[in-house]
Amino acid sequence: MKITDLQKNEWIRLLRRGRACFKIGPFTVRLRSTLPQIANGLYQLYSEFELVDPRNQFIDYDICVDAPNLLRRWFRPQVLFSLDGHSPFKPLPQSQALAVFEWGLNWCIASSAHRFLIIHSAVLEKGGRALILPAPPESGKSTLCAGLALSGWRLLSDEMALIDLKTGCLVPIPRPVSLKNESISVIQKFSPEVVFGPLCQGTHKGAVIHMKSSSESISAMGQHVKPAIVLYPRYMQDAETNLLSLTKAKSAIELAENAFNFNVLGSAGFDALTNLMECCDSYRLCYSSLEDVIPKISELIDGSHSTE
Amino acid sequence: MKNKTNYVALVLKQPDVILSFDLEKYSLLVRQARQANLLATIGEKLSELKILNQVPVDVRHHFEASMLHAKRHKPGINVEVRNLKKVLSQLGLDLLLLKGAAYVYADLPAAKGRFFNDLDILVPKDRIDQLELALRDEGWVSGKTDAYDNKYYREWMHEIPPLRHFMRKTELDVHHTILPPTSKYHPDVEKLFESAIEISSGVKTLCPEDMFIHSATHLFHDGELEHGLRDIVDLNQLMNHFGEGTAQFWERLVPRAKELDLIRPLYYGLRYTQKILGTSIPEKVIDEVSYEQPSAIMRPVMDFLFLRALAPDHASCDRFLTKTARYFLYIRSHYLRMPLRLLLPHLIRKAWKKRFEKDNVPIVLGKQL
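In this text, all values refer to a predicted model and were calculated from it rather than measured experimentally. (Residues numbered from 1 in each chain as written. Chains lettered and ligands numbered in written order. Predicted model: local features only at pLDDT ≥ 70, side-chain atom pairs only at ≥ 80, totals over all residues.)

(A) Structural detail: the overall build of chain B. Within chain B one finds 17 helices and seven strands. Relative to the 2.2 N^0.38 estimate, which gives 21 Å for 369 residues, the radius of gyration of chain B is 21 Å and therefore close to what a compact globule would have. Principal-axis analysis of the C-alpha atoms gives chain B an extent of 60 × 55 × 50 Å. Every one of the 369 residues in chain B was classed for burial, and the buried ones make up 41%. (Helix = DSSP H or I, 4+ residues; strand = E, 2+ residues; numbered from the N terminus. Rg over C-alpha atoms; globule rule 2.2 N^0.38 Å. Buried ≥ 20, exposed ≤ 12 C-beta atoms within 10 Å, placed from the backbone.)

Here's what the structure looks like:
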């Protein structure tokens, strides 16, 4: 059963009672929230995720996203993310509730799912081959990811590559793509039929909006993919699309720097990284136009692109 | 009635009970253990008994991930020990490790699956200024810059303000004794130095009895008991290990605690570890220590407080008045630390500072990701 199969008021009731339990990629999350921003936002963006019965289920993350106290429910409302009833976080304005859920879930995964090498990157798939887009913030990674996802690529993740330490495969976690500031209008123009969640204004990253993942990406959540290409994107205004081949050694170091848990995994992480490099080619990419760059990336993944 | 079982203690006491768990109980176990910082400890125990692979795979991931994480401590500790040893030996001092670092370096079972945030060492008080300068040259700097904090540590505490290595970010606590000089008990720190045992050249730990007594003292004088169960697990592991392997550990324990003026914390350590984890302690030791127990009125009160406060800090373990119990014990720990005439001004000052200090900010979500 999917979230969308519920009436909206049933969904709101489940959330209020803390019985909203659903699968997000390899994880099972139980969520409690009384906030309309969360109920509405998730009903829209996570509508095709699978609901499960919390009673006969192992729950990885027991999450609550709610006002920190009664006062902050009404007076200058705030939102607080907590795991297992504990929160190491600072409350934020309630208008950012949806972003807080997304960030909080990132934190849960990055700090505990050490059966994966977790790299800060977007991941997409085409023709059974996965593309990894690792990048620091502001590099235009999410914009490119959204552009590819809207051009027929399957989205595996916008935020983190989960590389299974045992199989070396990428495990999908197709949560909504988070877009910031100027990227929002770029994607809106790129594909008018895109589905956005509510806009979160004034976060420390500026305006943040979430783009719904495609039904195909969500229904193929169980299919793991072999990695094929690592691409380091960099958006530069008015730049021509430029693709540069990168040595495995350089790429490995950059990947390690973008990994959340490389230091936690020790030698297991190193092995996963070198195995990944064995089966991947790496490139550095400079771009300014989505229309121009997407066909080039498609050529790259099909193997028809030749680097000079 | 709601299920209020402490699954962490249950599984540590009787690991094979886990095989009869349904997924709901597993969920509770993982959540309680995560909050108690004991996921890896439980995982190690199950793996030792070869039943970890019978745990459902989704659950097992959590244990294994945490075990992997905990294993990273050992190489880190070894590096820090090597560096510190060099600094101390130049001053003609031995490196005396306390708590977690000692368990790891001495390869004790208590180190398995254990997490810790800082390194604790013990040095003679009259050498501390010299050592602090030498450590600073090696990159260890004080994080606390506030003048009041500095004064608080230096005048009233048993340690100097925590140091942090500017590159590696390791935290280092340099102690000159094991309880604040203003506290009710006055252990003679010279005795600890005399009986310390050498693990490798220039690196020492406390002797087994002292190690146990120190661990108990630390726990039962500490105000923050949210992670107290982890320390109870340490005490249990130390008793199981030394009780079997070290000649005369049990014979020496109580006399040594008397000698150090730390009999009450030892009493609590033995009592609550046995009550919570069912440790087997020789009758004779229990008899010996029970001469020093609290009065018949206070005993049930302390039981009420400690048995609540030492459960995992998760809603599924909270019983009637658990939060209040933790609060009382927090107040008690301060009361034990210093007399009221010092304590009251300190607490007022602390509350005031907390109210107006802006930089005391927890993690901001999304900043890192």
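Next, the rest of the story.
(B) The packing of helix α2 (residues 36–45) of chain A against helix α4 (residues 97–112) of chain A, seen in detail. Residue and element names in this part refer to chain A. One can describe the packing of α2 onto α4 by two numbers: an axis separation of 8 Å at closest approach and a directional angle of 70°. Here α2 is positioned roughly perpendicular relative to α4, judged by the angle of their axes. Listed contacts from α4 to Gln-37, Ile-38 and Gly-41 of α2 are Ala-97, Leu-98 and Phe-101. Among the residues making up the contact of α2 with α4, the classes are represented as four nonpolar, two polar and no charged. (Axes fitted to C-alpha atoms, helices over the stretch in contact; angles between N-to-C directions. Parallel < 35°, antiparallel > 145°, perpendicular 65-115°, else oblique. Contact = placed C-beta atoms within 7 Å. Nonpolar A, V, L, I, M, F, W, Y, C, P; charged D, E, K, R; others polar.)

(C) The sheet that holds strand β11 (residues 177–180) of chain A, seen in detail. All names here are of chain A. As summarised here, the arrangement of the three strands in space is β11-β13-β12, forming an open sheet in which the pairing is antiparallel. The sheet is open, and its two borders are formed by β11 and β12 (200–203), each paired with just one other strand. For this sheet, the mean angle separating the axes of adjacent strands, direction not counted, is 35°. (Pairing = 2+ DSSP bridges.)

(D) Spatial organisation of unusual backbone geometry. Residue and element names in this part refer to chain B. One non-glycine residue, Lys-99, adopts positive backbone phi at about 45°. Topologically, Lys-99 is positioned in helix α6 (residues 99–105). If you check the backbone angles, Asp-261 has positive phi at about 65° while not being a glycine. Relative to the assigned elements, Asp-261 resides in the loop between α12 (249–259) and α13 (263–277).

(E) Spotlight on the domain arrangement of chain A. All names here are of chain A. For chain A, the assigned domains are domain 1 (3–112) and domain 2 (116–302). A per-element tally of the side of domain 1 that touches domain 2 places α4 first, with six residues. Per-class residue counts for the side of domain 1 that touches domain 2 are eight nonpolar, eight polar and two charged. (Domains from an automatic or database assignment.)

(F) Summary view of the sheet that holds strand β3 (residues 140–142) of chain B. All names here are of chain B. A sheet is described by the order of its strands in space; here seven strands give the open sequence β3-β4-β5-β2-β1-β7-β6, paired in mixed fashion. The strands lining the two open edges of the sheet, one partner per strand, are β3 and β6 (197–200). Adjacent strand axes in the sheet meet at a mean angle of 40° when their direction is disregarded. The pairing of strand β2 (residues 118–122) with strand β5 (residues 171–175) spans five bridges and is parallel. The residue of β5 that forms the bridge with Ile-121 is Val-174. Sitting on the sheet, helix α5 (residues 73–90) touches β1 (95–98), β2 and β7 (203–205), and the angle it makes with β1 is about 140°. Contacts from helix α7 (residues 128–137) reach β3, β4 (163–165) and β5, with the element oriented near 115° to β3.

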